[in-house]
Structure formats: C-alpha cells, structure tokens
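# Tertiary structure, described
Spelled out, the chains give:
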Amino acid sequence: MATAQSFALIDCNNFYVSCERVFNPALEGKPVVVLSNNDGCVVSRSNEAKQAGVKMGVPLFKITDLVRSHGIITLSSNYALYGDLSARTMSLLGKFCPQEVYSIDECFLDFSAIKDRNQHGLMIKQAVKQGIGLPVCIGIGPSKTLAKLSNYIAKKYPQSEGVFDIASLSESKQDLLFRSIDVGEVWGVGRRLLQKLNRMGIMTVKDLRDANAERIKQSFNVVVQRMVLELQGISCSALDNSSAPRKQIISSRSFGNTVRTLGELEEALTSYAKYAIEKLHSDGTQAHIVQVFIQTSRFAQGEDYYGDYESLRLANPSNDENIILPTALSLLQRIFKPGYAYQRAGIALMELTPAQSQQLSLFSMTAQTQTKTEDEPPKAERLKQVLNMTNSALGSNALYLAGQTLKEERWRSRSEHRTPAYTTSWDDLPIAQA
DNA sequence: TCTGGGGTCCTAGGACCC
DNA sequence: TCTGGGGTCCTAGGACCC
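Below is a summary of the structure that appears in this document. In this text the structure is predicted, and so the values were computed from the model without any measurement. (Residues numbered from 1 in each chain as written. Chains lettered and ligands numbered in written order. Predicted model: local features only at pLDDT ≥ 70, side-chain atom pairs only at ≥ 80, totals over all residues. Heavy atoms only, no water.)

A few words on the packing of aromatic side chains. Overall, the coordinates contain 12 aromatic pairs when judged by the stated rule. Ring geometry for Tyr102 against Phe108: centres 5.9 Å apart, planes inclined by 70°, an arrangement best described as edge-to-face. Residue classification places Phe108 among the buried positions, given a relative accessible area of 0%. On the basis of an interplanar angle of 45° and a centroid distance of 5.8 Å, the ring pair of Phe108 and Trp187 is categorised as tilted. Linking Phe108 in strand E6 (residues 106–110) with Trp187 in the loop between helix H7 (171–179) and helix H8 (191–199), this pair joins segments that are 79 residues apart in sequence. Aromatic rings pair up to connect Phe15, Tyr16, Tyr79 and Tyr82 into one cluster. Here the guanidinium or amino end of Lys144 rests over the ring plane of Phe108, the centre of that ring lying 5.2 Å away. (Phe/Tyr/Trp six-rings, centres within 6.5 Å; stacked < 30°, edge-to-face > 60°. Buried < 20%, exposed > 50% of the residue type's maximum accessible area, 1.4 Å probe, protein only. Helix = DSSP H or I, 4+ residues; strand = E, 2+ residues; numbered from the N terminus. Lys NZ or Arg CZ within 6 Å of the ring centre and 35° of its normal.)

A word on the protein's contact with DNA strand B. Lining the immediate environment of DNA strand B, one finds 25 residues, of which Lys247, Ile250, Ser252, Ser254 and Arg344 sit closest. Taken together, the sugar and phosphate atoms account for 71% of what DNA strand B places within 4 Å of the protein. Here Arg226 contributes a side-chain N or O atom positioned 3.3 Å from a phosphate oxygen of DNA strand B. At 2.2 Å from a phosphate oxygen of DNA strand B is found a side-chain nitrogen or oxygen belonging to Arg344. Secondary structure elements with two or more residues in the surface near DNA strand B: helix H11 (222–231), strand E9 (248–259) and strand E12 (342–354). Here the surface near DNA strand B gets 7 residues from one element, more than from any other, and that element is E9. Within the surface near DNA strand B, the residues separate by chemical class into 9 nonpolar, 9 polar and 7 charged. (Near = heavy atom within 4 Å. Polar contact = N/O pair within 3.5 Å; in protein donor to acceptor, adjacent residues only side chain to side chain. Nonpolar A, V, L, I, M, F, W, Y, C, P; charged D, E, K, R; others polar.)

With that settled, consider the nonpolar core. A general tendency of soluble globular proteins is for nonpolar side chains to be buried together. If you look at the biggest cluster of nonpolar residues, it comprises 31 residues, and the most contacted ones within it are Phe255, Leu265, Tyr342, Ile347 and Leu349. Of all elements in the fold, only E9, helix H12 (262–283), strand E10 (285–296), helix H13 (321–335) and E12 reach the threshold of two or more residues within this core. Of the residues forming this core, the biggest block, 8 residues, is contributed by H12. One finds Leu27, Val32, Val128 and Ile132 within the second-largest nonpolar core, a separate group that totals 29 residues. (Core = buried A, V, L, I, M, F, W, Y, C linked by side-chain atoms within 4.5 Å.)

The immediate surroundings of DNA strand C are formed by 14 residues, with Ser103, Asp105, Lys148, Gly188 and Leu193 found nearest. In DNA strand C, atoms within 4 Å of the protein come from the sugar-phosphate backbone in 100% of cases. Residue Arg192 places a main-chain N or O atom 3.1 Å away from a phosphate oxygen belonging to DNA strand C. Listed by contribution, the elements that provide at least two residues to the surface near DNA strand C are strand E5 (99–103) and H8. Here the surface near DNA strand C gets 3 residues from one element, more than from any other, and that element is H8. Here the surface near DNA strand C is built from residues that sort into 6 nonpolar, 3 polar and 5 charged.

As enumerated under the stated definition, the model contains 16 salt bridges in all. The partner of Asp65 in a salt bridge is Arg68, with the nearest N and O atoms 3.9 Å apart. Of this pair, Asp65 and Arg68 both sit in helix H3 (residues 64–70), separated by 3 residues, roughly a single helical turn. You can call Asp65 exposed: its relative accessible area is 55%. Through salt bridges with shared partners, a single ionic network connects Asp175, Lys206, Arg209 and Asp210. (Salt bridge = Lys/Arg side-chain N within 4 Å of Asp/Glu carboxyl O.)

What follows is about unusual backbone geometry. One non-glycine residue, Asn14, adopts positive backbone phi at about 40°. The residue Asn14 is located in the loop between strand E1 (7–12) and helix H1 (15–23) in this model. Classification of Asn14 as buried rests on a relative accessible area of 14%. Here the phi dihedral of Asp39 falls at roughly 55°; this positive angle occurs in a residue that is not glycine.

With that out of the way, let us pick up the environment of Val224. When you line up the elements, Val224 lands in helix H11. Here the alpha-carbon distance between Val224 and Ala213, two residues 11 residues apart in the chain, equals 8.4 Å. Residues in contact with Val224, not counting those within four places in the same chain, are Leu193 and Ile216. (Contact = heavy atoms within 4.5 Å.)

Function cannot be inferred from these measures alone, as they are strictly geometric.
Okay, structure coming up:
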C-alpha cells in the first residue's frame, strides 16, 4: 500500500525580530519591530508589538504615539544577518527530509515517509531552537495548502505546542475548525480574491473547500480551482527541490530624500546596478534584457506623478559591468524628465541564463579574436575579477565605479536603527567579555 | 520629514501567420 | 478588396506571496 502524501511547512516565527533576538537576548519579551529599507514600514513584529496593536506594513510615522507609549523598540532591517541565519536554518532542516525552500523563513519538507508526524515535527522544532536559536512553527497536511493552513493553526493555538497535523483531526472536528477560519487565511487568497469570494457567499475555509471545483474554475481560474482541490486534500503541487534558478534580478530602492537631477539618479542607479551585477556573478548567470525604471512619489501632495521604464535586449547575454552599466545609464537618459522629484529608481535584469552557455554573435566573436592574445583573459574579465576579489575581501564599497561617488548622497536609504552584521562582517563579530 | 523590496504565475489581448 | 477561423507567440498587467 502506498503511503499517503504528507507535507510539513516549517515557518520561523516573526523571523526578522527573532534573528535580532538571537544576537541580543535583551530584546526577549519586549515589543520589537523591524523596519523596511529606508526605515519606512514595519515588516516584522514581535508578539508583544502585535499585542500593542502594531499592524503589518504600517508606515513608522503613523505609529509614533504607539511606539512611545508602549516603549516599542524599532530596528532597521539587517538583511545580511537574516540571509545568513536563513541559510543555516535551511541547511539544518534539509537534513531531516526532502526539502523545498520556499522563502527566506519558510520551507516545505516531504513527510510522506514519516510514521509519527507530530512527534517528528516536535523533534525538528527543538533542533532548530537548539542549533540556531530560532523559534519555528510546523504545519502538517496532505497538500501544501493544508500544510500552510495547519501552520496558521499551530501559530494561533498555543495548546498545539507549535506543531499541528490537520490529519490528526476527525472529519467533524475539521469541519468545525474550518468553519471558524476566514477564507482570507487560505494561501493564495489576497484582498481582491477575498472580496469576490465573499460576494459569492464564500466566507470561511469550509465554504471554499466544499465549493464545486469545476464551477470555481468557470467563475475564477485554474489557480482558485487548485485551492479548492488542495483544501480537499488532493495535492496539486509536488515538492519542488530543484532549486530552480532565478528568472530575474531586480534591484531598486526608495531614496532617503527625493532627487531632481539626472546626475543623482545616475549615481543611485549605478549603485543598484552594481548590486544586481554582483548577484549575477554569485548566481553564475548572465542577463539578456536590461530594464530601468524611475518613479516620483505616489503620496506627494500637489505634485504630478510620473513614472516610466525602458528596456533593451542586449546583442548577447552579459554579466559584464562595462556592458550592463552603460546600457542602464542610457536607458535612464531616455526616461528622465526634468522637473520631477524622483523618489525611487531601479534596474531589472531579465532572461537569465547560465554564464557558461554564452552564445556569441558573429560580430563579437570577430572582435574578440582580434583583441585577445593567448592565455590572457579579456580586459573586462580582469577588471571584473579585481572588483569582485577586492570587494569580497574588503567590503562591498572598497572599490567602486566612477559613476558611484561617496559625497553627500541624498538618495542613500536611511537606516538609523541598524544592528551589527554579527555573522557576516569581521568588524561586527560579537566580543566575548571575560 | 517619513508609505519596502524582490519575486512568481496566470491571463487577456494584440500581432502575425496560414 | 473582401472575408473567416484558428493557431502561436509575445507582452503588459493583475494578483498574490513573503
């Protein structure tokens, strides 16, 4: 007899806040929030901050009273730290079962072969707490959608001890539970879909589970149809452990202050492009399409909104700064309009392919055979190597390209509550007191 | 003063071809 | 010039996720 399919979703609790607590235990038990880039919005909240009434995604300036009255600790986000703790956690979890890493703080494990699933979940939870210091919750179910829902239940009901298997409930108890949960909690139901479902009288998880899948497909699309089937325990999405390569790289930021000149936009874009190109190199990929975009603020009163983008398909896929940067800057010139207060810019690199499979055009092959001497890497290649080596040894701003100056940078993001990069920067290693 | 950033998937509709 | 249907490919935009 084949074993029934089973998935576990492991999700770190309040991930960014929990990462900060690993290195600063004094934050334990206190209301803490982590802010987005530019210290703009709240992107992670401790339970105490949630209880104080801080909503997810709220702009910091709207909760200054709450911050003061509850003594909420506000921290700038520290992605180097979170990325490092995430990698360690995922590597540990991958040792237990076949794994699909789903996001920085979540992964699915294939539990099909596990006998006592609840017990196994508790053991994994304990291992992450001991090995990394992070608290996690684990939801278990016969489809990914049900595993996600179980995880929600594990978080919500303390008596679950952070591990919940939906299959452990009788049918009637499942009905009772699903009738008590809003349909908006289902994975994939966002704001718009929720409205439309509600208008059709589908209010709870049970309503959606018991809907007719074919009719749902007619009224919506295959995505919602799959949700219905997955809620019924029919898995429509297998565990994907292929770690499929990224399809695009986007690098963009809101500015610390709005900027009006092309020169400032060029500086900012150069910095973002450099970061995106570093990612190409670390992924071992190259991009075929370069896209650049700029925007004014959507919130500025009395100012017209302006935003535009332009893209260009390169003759050959490239990961070369000397090709991508000039391309990006020329695209920027095409969309820049004077007279606007720009608030954000970005670059997207698309149609990524492995770097070694480069197809050279006839033109560039000719050009290269003419300039290249034996055993000598092309100039651009050597420059790239030097930049990469220096920056990885000395920090990412040790060497920078001419467009990227270090004078006053109005566009540079604010980050006024940053904690040290404990695990990824020599300068920030914690010091043990004797 | 101050409103994130980086992704994926799906679909509708246009362009084009036969 | 008109007329038709069907197929494919591409792109923009919507919706959602964390």
